[in-house]
Every structure is written in C-alpha cells, then in structure tokens.
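Here's the letter readout for the chains.
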Amino acid sequence: MPAPSGTGIAERVAVGQVADRVGASAARPDGAQKTRGEFAFSSDLWMDAMLWGKTLRSPHVAARIRSIDTRPALATPGVRAVVTAADVPGRPTFGLEVPDQPVFASDLVRYHGEPLAAVAADHPETARAAAMAIVVDYEPLVPLVDPDVALEAAPIHPDGNVFRHLVIRHGDPGATGDVVVEGTYEVGMQDQAFLGPESGLAVPAEDGGVDLYVATQWLHVDRDQIAASLGLPVERVRLYLAGVGGAFGGREDVSLQIHLCMLALRTGRPVKMVYSRDESFFGHVHRHPARMWYRHHATRGGDLVKVEARIVIDGGAYLSSSNAVISNATCFAPGPYRVPNAFIEGYAARTNNPPCGAMRGFGAVQACYGHEAQMDKLAAVLSMDPVALRLRNALERYDRLVTGQVLTGAAPVREVILAAASHPLPPPADPGGSILALPGGAGATAGPGDVRRGVGFAVSFKNVAYSEGFDDFATARLRLETGVDHEPVATVTVATAEVGQGFVTLAQQIVREELGVRRVVLAPASTVDVGSAGSSSASRQTWMSGGALQLACSTLRAELLVRAAELWECAASQCVFDEGEVVQAATGERLSVQDLLSPAPLETEQEFHHRPTKALDADGQGDAHVSFMFAAHRAVVDVDPDLGLLRVVQVATGQDIGKAINPVQVTGQIEGGIAQGIGLAVMEEIVVTEGRVRNPSFTDYLLPTILDMPEVLATVIEEPEPDAPYGAKGVGEPPTISSGPAVLAAIRDATGLPLTRAPVRPEDIALSHGETT
C-alpha cells in the first residue's frame, strides 16, 4: 500500500554553504515551506479510501461504568467499526513509565474526558454522530480532587494514590539561621497549547501489522506501547513522524495512537483522526499544578543556612511522567544557590483531575515560583538588594548541591545574573504615548497617572537530558556517497522528532562541520530504519542526537583517512582531514571526498550515551543528573492596580547555553520560552472545578499574543560544557522557568501585594488593592 500524501515526512535536502557550520545561523530546511503555508502537518495526512476516527469520552469526572451499548453507533449508515476495551487484543493499559492507564475505560472512569470507545466511519461528521449515539450507563462517584487529601485517602487506582514520595536530607537537620522567612505558594495547571492538534493516520499492512503516521515526540516508545496493546511484535508496528505542529511535552504520551491502529486493523482500511481543539485539551497531559511550602534560614549577612520545603504536585488520574517531574521539583527546590543544609519533601499525588505530565521546564518551573519568592522575602527582611542576595549565594563550579552532587560542569550562575541585570531598563511610560502601551490597551481603561511600574528578578536551573540512572542514548545513521553530479552527499537518518526546535537544521550544520560537504539529506524519521533517538524533551536532542551524529561523522571521517592511507601506502595516522579533503601530512598531497568515495559509499550507525547517572538514595543523595542549565530573568511591568490590568514592558535575560550552534535559533527559543513563561504568570490556566475542565478552548484558555509580548533583551553565556558536543547545552527550557517568576516579582514590586499564586488574575490585584486603600 503506498504511503499517504501530506505526511510532512519527505526527505529534506539542503544544498547549503560549507560555511553553514556549527556557530552559523543557517536557515531551516523547512523554514520556507512553513512560512508559505506549504509544510504538511499531521492533520494534512490523506489517503484514498481512508476512514475517519472519533473518540467517545466520559462526561463524568469519576464514575462506575455499568454498561456500554455500541449498537446504535454500529447501526448508523457509514459506520465501519466501533471498538471498546473489550476489543483491545493485547495489554489493556499503556503508560510512558508504567502502564497504569486503560486504552479504554471499562469499569471505572477516573477523569473528565477519559476515552471509552472509538468509531471509524466514512465521514468525520458520521463518526462524531455515531460516537455520540453510543449509550453508556454510568453510576457517578464522588471524585477525589485535592492532592493533599489524596495522599491519605482511599486509593482510586490499584497502584494507590501516591505516585512518588521523595525526601532530600542534606547537612545538619537542626541548623537554624538568624533570619527566617516562610511562605506558601501555588502554581496552576498550564496547557502546552500547541497549535497543531493531535492527529494521525493508521494504515493496515500486508504482514498483519500497521503503519502509523503521527505527530509525536518519541517514536520508539510510542511504538512499544502500541505494540503491547495490539498484541503484536514491535517489528510489525512501524511509526513514521508526520509534520509536528508544536509539542512542549504534550506529545510525549500516547493519545490517539492505539485507538487509530485498532480501528485500522479492525476495518482493514486506513483511518485518520484529528482532534478538535476542545478534545485536544482532554487528549493530552498538562503541566502539574503545585502547592509549595518553604522556609528559608539565613545569616544576617545574607548567607543561606538552610532550606526547608514541602512540594505537592497533582498528577491527575494516571502516572505519565509524574515521578520524574516531582524529582525535578524536589531536587531544584532550593534554586541555583549554595545551601549547606536542607530538608525537602516532594509528593506526586493521584487524583481524579486531568492527567498531568511533561511540559517545558518539567518540575523546575513550579519550584522556581517558590524559591524565588522566598529570595525576595529574604532580601526584604535583610534590607538587601535582591540581585545582590542572589549573587552572594550563587552556585559555582565544584559546589555541592543539596543532593550531594558536585557541580563539575560549567556553572556560570553569577554570569547569567549579571548579564540579565546589566541590560538597560526601559524608559518611563510616555504620558503622551499611545494608549496601546498602557495596561488595558485599546480598552482605554487606564491613564498614565493610574499606572505603577515594578521590576522583578528571578534565577533558575534545571537538568539536561534524562536522570537518576536512566540509560539515556540516541542513535544516528550516516551514509556518504557520490551524487549524480559527482558531488558528495551525506544522508542523515535519525528518529529524532522535529517538533519545531530546529534539530533538522543542527543536523546539517554538524555534518558540514565534521565532513565539509554541502549536500546534506535528512531522511524521514521513523522506527524502521534506525534505532531510538529518545524523546525530543528535557533539552536533550542537541546533546544526544547531536552527539550520535557527531560520532557517526567521526567514524566515517576515520574511514576516509584509512582509504586515503591505502592509496598513498602510508599509515592513516599520517593523514589529516581538512575542509572536505584528506591531506597527507608529509607530502601535502590532497584527495577529495569524491575521490575517496569512488570505490563504494560509506555508511555507519552509531549510538551515543551520556555519562552514567545514579538513582537517588533514601536521603535523596546521589549523582542523579548529567548536567545543568542556568538562566536569570529581569521583568519590568506596568500595573493598573485599581482594575488589576497589567502589561509586561520588558524581559531581560542572561542564559547559559554552552555553545550557540545556531544563534538565530537560540534567539527564537529564548523569545518563545519567555512567551510561555509570561503566559503562566498572568493568564494561562486550565480551570478545573471538582475535576471538571471548564475552559477547553482558545476562547477561554487565554494565551499571550504578539500584542502581549514585551521587548526581550538577551545575553547568552557560552561556557562550553565538558563532554557535550561542541560544549552545547540545551536551550529550550530555561527561558520558561524563571521568566514567569520574574514577572510575578515585578507585579509584587509594583503593587506591594504578596501574590503567592500563578497565574495572577486581575481580581487578585484589584480586590486586594481595594482592601488596602
């Protein structure tokens, strides 16, 4: 059966300049297509004779399922199949870390929107109507929606209500400081809000297996979960990456994949499914809401003595990646500061709220709102400048973290703080300026005299890649051959999910850097032709897939040297690679890559692993992380305290990146990440009432637009990271982590209000301001 059209997986061929190497702002190979609206995303998939799929979801938060009657759906003209839990041929559950989530609910509903059945029909409206025709007899139950209560409540799942309880004990538990500040903080549930909704196309194969074209972050782990539930060997489940319209963690878990494959195998026809926007809110995980209690001890001079904290995150109904998220939140709870003593507890709880999992920043975001508010409180009590306090306590290389791990890599914490602080502040608001520059904008609700300006600062850190002993690796295949025009062509095959982060650009830059060839082809990403690349998450692909590709290039370069040495009848050690040619050191003779490829192409597949990490012990001690990224943000906001309206005027940042492989892409990641950070600080939240999602739309779930974006001033700190390819760390997550806390600090500075919860709503400012005036 031919491949579908509109897959977005065509080979990406770039004939660039050899100068488009590491460190250059090379153009994206898919950039022009996306700009012109010609790039095929997964929702554009199409195949002759395909059917359309639709999922039936529970309207209840918690309920017992007495019965499911699919006969009305099957009787609908144009309906070709209906599948439920009874039709799952293999393992009835799936999960990113632990298979604790049913493919379809069969006895109990555990969250609002949980899937119960899926329909395949000739037309999408027929599928929708048929799904609504399914009759389900529910017995509603009282939902468990408070994560603190859940920790002690009767279990709502056979695996219990506590996903993970982590304790960090460091130093002297009895240590105290001259000055103590305490606070309680909350962070709401944020959605990844990617613009391309979940979508895919499953095609039954002649071998009894299935080919799935889908937008995802992790092809191989998706494949393994799908195969287990289909009862098929993994080699008969083949995944191909379709065009991805954003991810930010929300595509790391399986959503429609198993449902699609079941329908395709049941009908024997291709089946396409595209979630509507409201279904997308129910169909993927979100950022974990968090409640945090902190107590900081310090000397009168401003040195941190001890940090105590208790962090509870709400994982919702199923595990997803909650274990790793609470690990990050707990490990990074003190912030990027020297803390000689600590007692920190982290809990991830199971509730009947929507499942939560990976999202940009992954636990470090929630903790940053807590530890940075505490640093501001401490600075106020000490009558110390907040930036000076942070500089005084900033981590340095070879310092020890509260987990006992020693910072052996680059740790330019002082540098990122100073970089953010050194950017010029914006000029005062112009009394005669545009009304659009004021809070409330075109609503003309505020005059210049109504506005107060505030400045806030925040610093953050987070791990790169996977941690706690996970065998983190990526695979790359590289083929070097002579093209039809006798110019060398390098073909890169990786299963790296291009989710918008730009790895397709970096891959070509790495090959040009290492081999000096102009023509670089990126083969479609799939599970068929190469081993796993791991997930496009955790800021890891530049390091991991980049490392695998660099290793593959190095292997082929060495083989080119051997071929040259054989021709010259000398030792390979007497040959060097220089600008796409091999040079014999003794004679200066040169052979081009074309010459050396004439006997036969060269090909290799290489697997790259970062250095091993270790699991945390019972006291939360261990070398759990391979590396860390650091960032600082300074935000300037204008606030109308009477109406609670605000405008973020400027965000300045200093960010530790190791090495800018593509400076323009670094800038794009910084600006985009800051937009998401601002969103969580002042507007983005999935409103959940008694487990029920109240705003599953972009009408009611508010997102920053271009009119909400402030001026962004960025300085990158390039201090190479040992063992990382070219010394480069990830870039995507740090901009989101501390930009939001900086905005919140600026609002507190402008209003004098404590504001302990993100996002801040207008009523949080206006009503509280009214009480104090």
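Along each chain, residues carry numbers from 1 onward, in the same order as the chain's sequence is written. Where local features are concerned, this predicted model is filtered to residues with pLDDT of at least 70; where side-chain atom pairs are given and counted, the filter is 80 or more; whole-chain, interface and lining totals use all residues. To obtain the side-chain values, all non-hydrogen atoms of the structure were included, while hydrogens and water were left out.

Student: Outline the overall build of the protein, supporting the account with residue identities and numerical values.
Tutor: Comment: elements are numbered from the N terminus, with helices defined as DSSP H or I runs of at least four residues and strands as E runs of at least two. Looking only at helices and strands, the protein features 17 helices and 32 strands. Radius of gyration here is computed from C-alpha atoms only, and the compact-globule reference equals 2.2 Å multiplied by the residue count raised to the power 0.38. Taken against the 2.2 N^0.38 rule, which gives 28 Å for 773 residues, the C-alpha radius of gyration of the protein at 27 Å falls within 12% of a compact globule. Judged by the C-alpha coordinates and their principal axes, the protein covers about 80 × 80 × 60 Å. A 1.4 Å probe rolled over the protein chains alone gives each residue an accessible area, and that area as a share of the maximum for its type sets the label: buried under 20%, exposed over 50%, partly exposed in between. Looking at the protein as a whole, 62% of its 773 residues qualify as buried. In the protein, once contacts between residues fewer than 6 apart in sequence are set aside, the share between residues at least 24 apart is 81%. A 1.4 Å probe and the Shrake-Rupley method give the accessible areas. Residues count as covered only by the protein chains that appear here. Carbon and sulfur atoms make up 53% of the accessible area of the protein, which amounts to about 27500 Å² in all. Note on contacts: a residue pair is in contact if any heavy atoms of the two residues lie within 4.5 Å.

Student: Residues and numbers for the pattern of salt bridges, please.
Tutor: By definition here, a salt bridge exists when the distance from a side-chain nitrogen of Lys or Arg to a carboxyl oxygen of Asp or Glu is within 4 Å. Here the structure, examined in full by the defined rule, presents 47 salt bridges. Glu38 is the salt-bridge partner of Arg36, the closest N and O atoms lying 3.0 Å from each other. Take Arg36: its relative accessible area is 54%, and that puts it in the exposed class. Arg392 is paired through a salt bridge with Asp303; the nearest N and O atoms lie 2.8 Å apart. In this pair, Arg392 sits in helix α10 (residues 386–393) while Asp303 sits in the loop between β16 (290–298) and β17 (304–314), placing the two residues 89 residues apart along the sequence. Taking relative accessible area as the criterion, Arg392 reaches 38% and is therefore assigned partly exposed. Its relative accessible area of 31% is what places Asp303 among the partly exposed residues. Connected via shared salt-bridge partners are Arg477, Arg479, Glu481, Glu603 and Glu605.

Student: Break down the packing of helix α5 (residues 219–230) against helix α6 (residues 257–267) for me, citing the residues and quoting the values.
Tutor: At their nearest, the axes of α5 and α6 sit 10 Å apart, and the two run at 45° to each other. With respect to α6, the axis of α5 lies oblique. Crossing handedness for the pair α5 and α6: right-handed. The residues of α6 that touch α5, namely those facing Asp222, Gln225, Ile226, Ser229 and Leu230, are Gln257, Ile258, Cys261, Met262 and Leu265. When residues are sorted by character, Ala, Val, Leu, Ile, Met, Phe, Trp, Tyr, Cys and Pro go into the nonpolar class, Asp, Glu, Lys and Arg into the charged class, and all the rest, Gly among them, into the polar class. Partitioning the contact of α5 with α6 into residue classes produces six nonpolar, three polar and one charged. Note on definitions: angles span 0 to 180 degrees between N-to-C directions of axes, and those axes are lines fitted to C-alpha atoms, for helices only across the stretch in contact. An angle below 35 degrees is treated as roughly parallel, one above 145 as roughly antiparallel, one from 65 to 115 as roughly perpendicular, and anything else as oblique. Left-handed is the label given to a crossing in which the near helix is rotated counterclockwise from the far helix by less than a right angle, and right-handed is the label when the rotation is clockwise.

Student: Lay out the sheet that holds strand β24 (residues 581–584) with the relevant residues and their values.
Tutor: At least two DSSP bridges between two strands are required for those strands to pair. The three strands lie next to each other as β23-β24-β25, forming an open sheet whose pairing is antiparallel. Unpaired on one side and paired on the other, β23 (575–578) and β25 (590–592) mark the two borders of the sheet. For this sheet, the mean angle separating the axes of adjacent strands, direction not counted, is 25°. Note that β23 and β24 share four bridges and pair antiparallel. The residue of β24 that forms the bridge with Phe577 is Val582. This element, helix α13 (residues 541–568), spans β23, β24 and β25 of the sheet and lies at about 130° to β23.

Student: Just give me the short version of the domain arrangement of the protein, but keep the residues and values in it.
Tutor: Throughout the structure description, domain borders are defined by an automatic or database domain assignment. Each domain of the protein was delimited in the assignment, giving domain 1 (51–142 + 197–244 + 251–283), domain 2 (290–467 + 616–772) and domain 3 (474–608). Just the C-alpha atoms count here: the centres of domain 1 and domain 2 sit 37 Å apart. Domain 1 puts 21 residues into the contact, and the matching count from domain 2 is 25 residues. Across the domain 1 to domain 2 interface the summed buried area is about 1900 Å²; carbon plus sulfur atoms make up 59%. In this structure, the connection of domain 1 to domain 2 is made through one salt bridge. Between Asp100 and Arg350 there is a salt bridge, with its nearest N and O atoms 3.2 Å apart. When residues of the side of domain 1 that touches domain 2 are traced back to their parent elements, those giving at least two are β6 (101–102) and α7 (277–283). Put simply, buried area is how much 1.4 Å-probe accessible surface two parts lose in total, over both of them, once they are put together.

Student: Got a sec to walk through the packing of aromatic side chains? Specific residues and values, please.
Tutor: In this scheme Phe, Tyr and Trp rings, the latter by its six-membered ring, pair at centre separations within 6.5 Å, and the angle between planes marks the pair as stacked below 30 degrees, edge-to-face above 60, and tilted otherwise. Tallied over the entire structure, the rule returns 13 aromatic pairs. With a centroid separation of 4.9 Å and 75° between ring planes, the pair formed by Tyr466 and Phe470 is classed as edge-to-face. Classification of Phe470 by relative accessible area gives partly exposed; the value is 41%. Members of the aromatic cluster, joined through ring pairs, are Phe332, Phe461, Phe628 and Phe630. We call a charge positioned over a ring when the NZ of a Lys or the CZ of an Arg lies within 6 Å of the ring centre and within 35 degrees of the ring normal. The side chain of Lys34 reaches across the aromatic face of Phe39, ending 4.8 Å from its centre.

Student: An account of the packing of helix α9 (residues 364–382) against helix α16 (residues 734–751) is needed here, citing residue identities and associated values.
Tutor: Where α9 contacts α16, the two axes come as close as 9 Å, and the packing angle between them is 35°. Crossing angle aside, the handedness with which α9 passes α16 is right-handed. Across the interface between the two elements, Ala364, Val365, Cys368, Tyr369, Glu372, Ala373 and Asp376 from α9 touch Thr736, Ile737, Ser738, Gly740, Pro741, Leu744, Ala745 and Arg748 from α16. Here the residues of the contact of α9 with α16 are counted per class, giving nine nonpolar, three polar and three charged.

Student: Report on the nonpolar core, specifying residues and quantitative values.
Tutor: In this description, a nonpolar core means a group of buried Ala, Val, Leu, Ile, Met, Phe, Trp, Tyr and Cys residues linked to one another through side-chain atoms lying within 4.5 Å. Membership of the largest hydrophobic core comes to 93 residues, with the highest contact counts inside it found for Tyr294, Tyr369, Ile417, Val743 and Ile747. Sorting elements by how many residues they give to this core places α9 first, with ten residues. The next biggest cluster of nonpolar side chains, apart from the first, holds 46 residues, and it includes Ala476, Trp543, Ala564 and Cys575.

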